[in-house]
Amino acid sequence: MRVLGVDPGLTRCGVGVVEGVAGRPLSMLGVGVVRTPADAELGQRLVAVEQGIEQWLDEHRPEFVAVERVFSQHNVRTVMGTAQASAVAMLCAARRGIPVALHTPSEVKAAVTGSGRADKAQVGAMVTRLLRLDAPPKPADAADALALAICHIWRAPAQNRLQQAVALHAGKATLPSKGRTA
């Protein structure tokens, strides 16, 4: 499974590609940051994020895109920029028919470090260890993007089984009973 992780942001949008399957060693195929100037017009910044993500999709051809789910913060301006960059990433993937998964920061931290309250240094250290890197990717947005991809690779099999079980249960609930007469 090849996953593009996206840690959305308007100034720095972390991107990282990881390949592998749950239970086996993972490989990093690429990591970086799509940057936009803070003083540029919002529309131009969103176009720059789109172009950057499109380049990553073209180069790495992921099967899935994992994006950090935007959560409420105290700074509304920051959360708006994050949500807008997140929407651009989802749009780029959807345009190509690539499935998108959203993971909360605590889900990612728990998957990668074992604790949903881990700090950025702990996440970076575990990403470095799990991908057998010489040093943590910099800036932290890049490491977070790799953590998102790792989280998705590890969680996707269980999520797929849950979705199949729910669908199977829903199908049984709607099937008419045999042998009953009214």
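To be clear, the structure that these remarks concern was listed above.
Computed from a predicted model, the values in this text were never measured in an experiment. (Residues numbered from 1 in each chain as written. Predicted model: local features only at pLDDT ≥ 70, side-chain atom pairs only at ≥ 80, totals over all residues. Heavy atoms only, no water.)

J.: Looking at this structure, I do not really get the pairing of strand S1 (residues 2–7). What am I missing?
T.: Counting buried residues in S1 gives five out of six residues, a clear majority hidden from the surface. Alignment of S1 against strand S2 (residues 12–19), held across six bridges, turns out to be antiparallel. If you follow glycine 5 over to S2, its bridge partner there is glycine 16. Between S1 and the antiparallel strand that follows it, S2, lie four residues. Bridging between S1 and strand S4 (residues 64–68) involves four bridges; their strand directions are parallel. Across the sheet, the residue bridging to leucine 4 is valine 65, located in S4. (Buried < 20%, exposed > 50% of the residue type's maximum accessible area, 1.4 Å probe, protein only. Helix = DSSP H or I, 4+ residues; strand = E, 2+ residues; numbered from the N terminus. Pairing = 2+ DSSP bridges.)

J.: Honestly, the environment of valine 108 in this entry has me stumped. Any pointers?
T.: Here valine 108 lies in helix H3 (residues 105–113). For the pair formed by valine 108 and alanine 149, sequence separation is 41 residues and the distance between their alpha carbons is 9.0 Å.

J.: Would you explain unusual backbone geometry in this entry?
T.: Most peptide bonds are trans, and most residues other than glycine sit at a negative phi. Here the bond from lysine 138 into proline 139 is cis, since omega is -10°, no more than 30 degrees from zero. Inspection of the secondary structure puts proline 139 in the loop between helix H4 (120–130) and helix H5 (140–174). Of note, arginine 61 is a non-glycine position whose phi angle comes to about 45°, a positive value. Inspection of the secondary structure assignment puts arginine 61 in the loop between helix H1 (42–60) and S4. We classify arginine 61 as exposed; its relative accessible area is 58%. Phi is positive for arginine 132, close to 55°, though the residue is something other than glycine. Turning to its location among the elements, arginine 132 is positioned in the loop between H4 and H5. The class of arginine 132 is exposed, set by a relative accessible area of 53%.

J.: Help me understand H3 in this model?
T.: Since the α-helix advances by 3.6 residues per turn, residues separated by three or four positions end up pointing in the same direction. Among all positions in H3, only Pro105, Val108 and Val112 are buried. All buried residues of H3 project into a common sector of 65° when viewed along the axis, lining one side. (Arc of directions from axis to C-beta.)

J.: Explain the side chain of aspartate 144 to me, please; I cannot follow it from the model alone.
T.: Here aspartate 144 lies in helix H5. Sequence-distant contacts of aspartate 144, that is, excluding residues within four places in its chain, are made with Asp7, Lys120 and Val123. (Contact = heavy atoms within 4.5 Å.)

J.: When you look at the environment of glycine 16 in this model, what are you seeing that I'm missing?
T.: Its location among the elements puts glycine 16 in strand S2. Exposure remark for glycine 16: the relative accessible area of 0% places this residue in the buried category. Placed 131 residues apart in sequence, glycine 16 and alanine 147 show a C-alpha to C-alpha distance of 8.5 Å. Setting aside chain neighbours within four positions, we find glycine 16 in contact with Val3, Leu4, Gly5, Gly30, Val31, Ala145, Leu146 and Ala149.

J.: Please explain the side chain of histidine 103 as it appears in this structure.
T.: Structurally, histidine 103 is set in strand S5 (residues 100–103). Reaching out from histidine 103, the side chain makes a polar contact with the side chain of histidine 152 at a distance of 3.1 Å. When near neighbours in sequence (up to four residues on either side) are disregarded, histidine 103 contacts Ala66, Val67, Glu68, Arg69, Val108, Leu148, Cys151, His152, Arg155 and Gln159. (Polar contact = N/O pair within 3.5 Å; in protein donor to acceptor, adjacent residues only side chain to side chain.)

J.: I keep staring at the pattern of salt bridges and nothing clicks. Help me out?
T.: Any two side chains of opposite charge can pair, on the condition that their charged atoms come close. Inspection of every chain in the model, using the stated rule, returns eight salt bridges. In this structure, glutamate 50 engages arginine 95 in a salt bridge whose closest nitrogen and oxygen atoms are separated by 3.0 Å. One end of the pair, glutamate 50, is in helix H1; the other, arginine 95, is in helix H2 (residues 76–95), and 45 residues separate them in sequence. Under the relative-accessibility criterion, glutamate 50 is labelled partly exposed at 24%. Between arginine 96 and aspartate 58 there is a salt bridge; the shortest N-O distance is 2.6 Å. In this pair, arginine 96 sits in the loop between H2 and S5 while aspartate 58 sits in helix H1, placing the two residues 38 residues apart along the sequence. (Salt bridge = Lys/Arg side-chain N within 4 Å of Asp/Glu carboxyl O.)

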